[in-house]
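# Fold and contact review
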Amino acid sequence: QAIIVEFIATDGCGNSASVIGIFNTKVQPTTVNVSGQVQREDTEAVADVQVEIQGGTSGLPDMDYTNTGGGYGLPELEYEDNLMVVPGKNNDVLNGLSTYDLVLLQRHVLMIESLDSPYKVIAGDVNNSGHISTIDILLLRRLILLLDEEFTQNTSWRFVDADFVFPNPLNPFETTFPEVFMLSGVEEEEANFIGVKIGDLDLSAIVNNLMPQAADRSDLPDLTFEVKEEVL
């Protein structure tokens, strides 16, 4: 709503001047409904993402988990200033990790073939340093060989505001990208995110139970190999 106010100043001799001011006012809602989708860059829905509201003073955060379709909903939240939507997922570390990811990461570091999206570059930054280096290759190899059980300097997943456009897609770390969504004070908020599985550069991670699983070959006949005996 626009409010027009006229300001008048008058001095002791009776001289006066006036100016018109226009003020746009907005009434903050008492409650807000927040919903959205979490997807991977290939539009696969990411399930079991914890989505919570942070920044309030009303006590425990409101929380929901994305369903198999990647959707979540937080209805009738008590509105306050500085509330933000924060997604998180830090389990199933080995999901999607393979030696092929190592090959893709090595080719990127050696400048043979660059990763083709900013989200894959974020996934390749295993140690969360803001750039990709040989250290990320070593850390990813340790995870695949089960020498490490978790990302020591990173979370298993990171999330980017889906509306954000990277100024330089080849280097997403050139600017700070939003990993939370700030509520703006409207009654219906939609906060969507792109999920990035750290280390998964070929998008092979199983992100919901609607995706096809690996075929069960337990009923196939045994396969026997004959190899020349060698001293190892």
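In this report, we go over the structure that sits alongside the text. In every chain, residue numbers begin from 1 and rise along the written sequence. Local features in this predicted model are restricted to residues of pLDDT 70 or higher, and side-chain atom pairs are both shown and tallied only at a pLDDT of 80 or more, whereas totals for entire chains, interfaces and linings draw on every residue. To obtain the side-chain values, all non-hydrogen atoms of the structure were used and water was disregarded.

## As for the overall build of the protein
Defined as follows: To qualify as a helix, a DSSP run of H or I must reach at least 4 residues; to qualify as a strand, a run of E must reach at least 2; elements of each kind are numbered from the N terminus. The reference for a compact globule is 2.2 Å times residues^0.38; the radius of gyration itself is calculated from the C-alpha atoms. With a 1.4 Å probe rolled over the protein chains alone, any residue whose accessible area is under 20% of its type maximum counts as buried; one over 50% counts as exposed, and the rest are partly exposed.
Scanning the protein from N- to C-terminus turns up three helices and eleven strands. The helix and strand sequence of the protein, counted from the amino end, reads β-β-β-β-β-β-β-α-α-α-β-β-β-β. In terms of C-alpha radius of gyration, the protein reaches 26 Å, well past the compact-globule figure of 17 Å for 232 residues. Dimensions along the principal axes, computed over C-alpha positions, put the protein at roughly 115 × 40 × 30 Å. Counting across all 232 residues of the protein, residues that qualify as buried make up 37%.

## Topic: helix α1 (residues 99-109)
Counted only if it meets this: Arc definition: directions from the helix axis to the C-beta atoms. Whether two residues are in contact is decided by their heavy atoms, any of which lying within 4.5 Å being enough.
Within α1, the full set of buried residues consists of D101, L102, L104, L105 and H108. Viewed along the axis of α1, the buried residues span an arc of 165°, placing them on a single side of the element. Check the buried side of α1 and you find it contacts α2 (118-124) and α3 (134-144).

## What about the side chain of E52?
Operational definition: Any pair of N or O atoms that falls within 3.5 Å is considered a polar contact. Within protein, one atom must be able to donate a hydrogen and the other to accept it, and sequence-neighbouring residues count only if both atoms are side-chain atoms.
Considering the arrangement of structural elements, one finds E52 in strand β4 (residues 50-54). Here Q50 takes part through its side chain, which lies 3.5 Å from a polar atom of the side chain of E52. A distance of 2.3 Å separates the side chain of E52 from the side chain of Q54, its partner in a polar contact.

## Here we look at α3
Three or four residues apart is the spacing at which side chains of an α-helix point the same way, because the helix has 3.6 residues per turn. Taken as a whole, α3 has its buried residues at D136, I137, L139, L140 and L143. Down the axis of α3, the sector holding all buried residues measures 170°, keeping them to one side. Turning to α3, the residues buried within the fold contact α1 and α2.

## Quick word on unusual backbone geometry
With a phi angle near 60°, D48 is a residue other than glycine that sits in the positive phi range. Checked against the element boundaries, D48 lands in the loop between β3 (31-39) and β4. Under the relative-accessibility criterion, D48 is labelled exposed at 52%. Although it is not a glycine, M111 sits at a positive phi angle of roughly 60°. Within the element layout of this structure, M111 appears in the loop between α1 and α2. Judged by its relative accessible area of 74%, M111 is exposed.

## Some details on the packing of aromatic side chains
Heads up, the condition is: The criterion for an aromatic pair is that two Phe, Tyr or Trp rings (for Trp, the six-membered ring) have centres within 6.5 Å, with stacked assigned to planes under 30 degrees apart, edge-to-face to planes over 60 apart and tilted to the rest.
On inspection of all chains with the given rule, the structure shows six aromatic pairs. Relative to F166, the ring of Y119 lies with its centre 5.5 Å away and its plane at 80°, an arrangement referred to as edge-to-face. Residue Y119 is found in helix α2, and its partner F166 is found in the loop between β8 (157-161) and β9 (181-182); the two are separated by 47 residues along the sequence. You'll find Y119 and F166 in the same group, each marked buried.

## A closer look at a nonpolar patch on the surface
Condition: The patches reported here contain residues having more than 30% relative accessible area and no salt bridge. Joining distances are 9 Å for like charges and 5 Å for nonpolar side chains (Val, Leu, Ile, Met, Phe, Trp, Tyr). Computed with a 1.4 Å probe, the accessible areas rest on the Shrake-Rupley method; for each residue, only the protein chains presented here act as cover. A pairing counts as a salt bridge when a side-chain nitrogen of Lys or Arg comes within 4 Å of a carboxyl oxygen of Asp or Glu.
The grouping of I3, F7, V19 and F23 at the surface amounts to a nonpolar patch, some 360 Å² of accessible area in total. Mapped by element, the contributors of at least two residues to the nonpolar patch are β1 (2-10) and β2 (16-24). Tracing the chain through its elements places I3 in strand β1. By relative accessible area, I3 is classed as partly exposed at 36%.

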